[in-house]
Structures are given as C-alpha cells and as structure tokens.
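In case you want the letters, here they are:
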Amino acid sequence: MALPTYAGPLERAWYYTYRVICALIFLFLIFPILVIVPLSFNAEPYFTFTKEMLSFDPAGYSLRWYHALLGSQEWLFSIRNSFIISISSTIISTTLGTLAALGLSRRHMPYRAPITALLISPMIVPLIITAAALFSFYARINLANTFFSIIMAHVVLGTPFVVITVTAAMSSFDEQLIRASQGLGANQVTTFFKIIMPLLLPGVIAGALFAFITSLDEVVVVIFLAGPEQTPMTVRMFSGLREEISPTILALASILVAFSIVLLTAMELLRRRGEKLRGIKE
C-alpha cells in the first residue's frame, strides 16, 4: 500500500519505521537458514567461513560437497526413500483431508466441532507422544520398520493441514453455485467436478504442498518407526550431525532450502489464483 500524498511527518516516519522493523524481523528469521547456502560451497571440510571465503577468493569455494552428495549411494538411497514416503503420504492425506473438509463444511453436519478437533489434534499433541503411540501400535501388529507404518504415520501428521486449508477455501465458497448447477440439470458428480473442485483446487493443492513439506521434514516419528531399509534423508542428516560432521549435509540442506522456496512460491501463486476465482481483490 502506497503512502498517501496527504500524510503528515509522523505518518511518514511511522510508514518507513514500520517497514524497517519488518525487514529486520524477516532478516532475523531467514538469515540462519540462508547462511548455510554459502557454507555448502566451502572448499574445506568445515562448518565455518574460511579466510578465503571471507575475502571472496575463488580458491575458497568448491562444488566438492555437491559432487560427494550426488556420488554417494547412501545419500541417494535415503533421498529416494524420503520422496517415496512423502509422495505416497501426500496423496493419501490430500484425499482424506479433502473429503473430511467437504463433509465438515456442511451446515447440518452432526458433531462437527468435536470431529474437527479430533482431526487437527496431531498438530496439537507433542510430536514425541504421537511418535511413541504410533510405534507402540505398529509394533503390536508387527508393522514397525516398514514403509507402510511410516507412510500412515505421515498421513496422520499431514491430513490436518489439508483439512484446515480446504476448510478455509470452503468458507468463502458460494453454495448458490451448487443449487444453480443442480437447477440446470447437472447431477452431483458433474456438479462436484465442474463447479466445486475447480474452485477448491488451489486450496487442495496448497494443502497437499503443506502435507508434502511436513512429511519431507519429519524426523522424530521416523526415528521411532524406520529401519535401515526405510531411512529417509532427514534421519541420515540428523545422524550425520551427531556422528560425522560433513559439509555434505549443508549441500543437501541448501537444495532443500531452494526446493522449499519453490514450493512456497507455488503456494502463493495458488492463493492468488484462488482469490481471483472467488472474486476477491487485493
């Protein structure tokens, strides 16, 4: 929002002060994340900036850790496991969360508040308690240390994000469109795919991205449930920080930061598209 021409000196001072404060807060939050990117190009096996890096000497920079990452079968194996788990759990979470949000959005849905609280409870309960409970359950039925148990655990953690996102999209949904579609002779299936789903699609995709990021970043639950064959990259990174300090972890972390920025950009574009479809102007 631009500063109006009639603004007084105090208003102008607050206008620029407010933006400086916001910029400092943003820098405070984002700087610890972005600082790992230049460190991943360190030519030396250190987690600190060398003299050559600080003086911008090309000899202080190298791609050796990215080559080490891409040339390591162990890292590639764990990255593959992470994407298998994340993609599978995201598909299930998105399906279940969307169906739940559609049901909860109905005005005459009985026990809507308790059901909603139950669905989003995994976001509230401490993660260590959830992990211990899931491990106890899957161990009793002999499904611990399997991809199935990890994927289902990530479904439990990812579904609340889909429910909240799709429910928020449904809050501004005009139900008169459904009645108009039915009045024109469309059945429920046609109405769903031609009217409801296109308007909810940005919210559904945004919820899926949240579920995917949650699954990709999860480490506590996986430590309880994963065996050697299911080890994802987050657990390998955690173990690497404790056992062998290698900048290869920084290289993978930098890739994940770039990947997260792409996903966040996609979510923002989807949010704006959803607002345009619903007729909301910024």
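Figured I'd write up the structure that's included with this text. Predicted model only: the values in this text are computed from it and were never measured.

1. Examining the overall build of the protein
Logical step 1: The number of helices and strands found in the protein is 13 helices and 0 strands.
Logical step 2: Walking the protein from its N terminus toward its C terminus, one meets helices and strands in the order α-α-α-α-α-α-α-α-α-α-α-α-α.
Logical step 3: When the backbone C-alpha atoms are referred to their principal axes, the protein occupies close to 70 × 70 × 30 Å.
Logical step 4: Scored against the burial criterion, the 282 residues of the protein give a buried share of 35%.
Logical step 5: Within the protein, counting contacts between residues at least 6 apart in sequence, those at least 24 apart form 67% of the total.
Logical step 6: Per element, the accessible surface of the protein, about 17300 Å² overall, is 69% carbon and sulfur.
Logical step 7: Of the side chains in the protein, 19 bear a positive and 15 a negative charge, and the two mean positions are spaced by 13 Å.

2. Considering unusual backbone geometry
Logical step 1: A positive phi angle, near 55°, is found at Tyr-111, a position not held by glycine.
Logical step 2: Mapping Tyr-111 onto the fold places it in the loop between helix 5 (73-104) and helix 6 (112-120).
Logical step 3: By relative accessible area, which is 67% here, Tyr-111 ends up exposed.
Logical step 4: For Asn-142, which is not glycine, the phi torsion reads 60° and is therefore positive.

3. Re the packing of aromatic side chains
Here the distance between the centres and the angle between the planes together describe a pair of aromatic rings.
Logical step 1: This structure, assessed with the given rule, holds 9 aromatic pairs.
Logical step 2: Pairing Phe-83 with Phe-212 gives two aromatic rings, centres 6.1 Å apart and planes at 45°, and the pair type is tilted. Pair noted here: Phe-83 is in helix 5 and Phe-212 is in helix 10 (residues 188-217), with a separation of 129 residues, a long-range link.
Logical step 3: Take Phe-83: its relative accessible area is 29%, and that puts it in the partly exposed class.
Logical step 4: Summarising the aromatic geometry, the rings of Phe-212 and Phe-259 are spaced 6.0 Å apart at their centres and angled 65° between planes, so their arrangement reads as edge-to-face. Here the residue Phe-212 occupies a position in helix 10, and Phe-259 occupies one in helix 13 (residues 248-277), the gap between them amounting to 47 residues.

4. Topic: the side chain of Ser-82
Logical step 1: In this structure, Ser-82 sits in helix 5.
Logical step 2: Ignoring sequence-local partners within four residues, the contact set of Ser-82 consists of Leu-216, Pro-232, Met-233 and Thr-234.

5. Here we look at the environment of Pro-232
Logical step 1: As for its placement among the helices and strands, Pro-232 is situated in the loop between helix 11 (220-225) and helix 12 (233-243).
Logical step 2: A residue is classified by how much of its surface remains accessible, and Pro-232, at 4% relative accessible area, is buried.
Logical step 3: On a C-alpha basis, the gap between Pro-232 and Val-37 in space is 22 Å, while along the polypeptide they are 195 residues apart.

6. Looking at the pattern of salt bridges
Logical step 1: Applying the stated criterion across every chain yields a total of 1 salt bridge.
Logical step 2: Among the salt bridges present, the one from Arg-236 reaches Glu-74, with a minimum N-O distance of 3.7 Å. Placement of Arg-236 in helix 12 and of Glu-74 in helix 5 is noted, with a sequence separation of 162 residues between them.
Logical step 3: Overall, Glu-74 belongs to the exposed group, its relative accessible area being 52%.

7. A short note on the nonpolar core
Across soluble globular proteins, nonpolar side chains show a tendency to be buried alongside one another.
Logical step 1: Leu-69, Trp-75, Met-237 and Leu-252 are the most contacted members of the largest nonpolar core, which has 21 residues in total.
Logical step 2: Taken together, the elements giving at least two residues each to this core come down to helix 2 (36-39), helix 4 (64-70), helix 5, helix 10, helix 12 and helix 13.
Logical step 3: When residues of this core are assigned to their parent elements, the largest contribution, 9 residues, is made by helix 13.
Logical step 4: With sequence-adjacent residues up to four places away left out, Leu-252 is seen in contact with Leu-69, Trp-75, Ile-79, Met-233 and Met-237.
Logical step 5: One finds Tyr-138, Ile-151, Val-222 and Leu-225 within the second-largest nonpolar core, a separate group that totals 14 residues.

Parameters at a glance
Residues numbered from 1 in each chain as written. Predicted model: local features only at pLDDT ≥ 70, side-chain atom pairs only at ≥ 80, totals over all residues. Heavy atoms only, no water. Helix = DSSP H or I, 4+ residues; strand = E, 2+ residues; numbered from the N terminus. Buried < 20%, exposed > 50% of the residue type's maximum accessible area, 1.4 Å probe, protein only. Contact = heavy atoms within 4.5 Å. Areas by Shrake-Rupley, 256 points an atom, 1.4 Å probe, with all protein chains shown as cover. Lys, Arg positive; Asp, Glu negative; His and termini not counted. Charge placed at Lys NZ, Arg CZ, Asp CG, Glu CD. Phe/Tyr/Trp six-rings, centres within 6.5 Å; stacked < 30°, edge-to-face > 60°. Salt bridge = Lys/Arg side-chain N within 4 Å of Asp/Glu carboxyl O. Core = buried A, V, L, I, M, F, W, Y, C linked by side-chain atoms within 4.5 Å.

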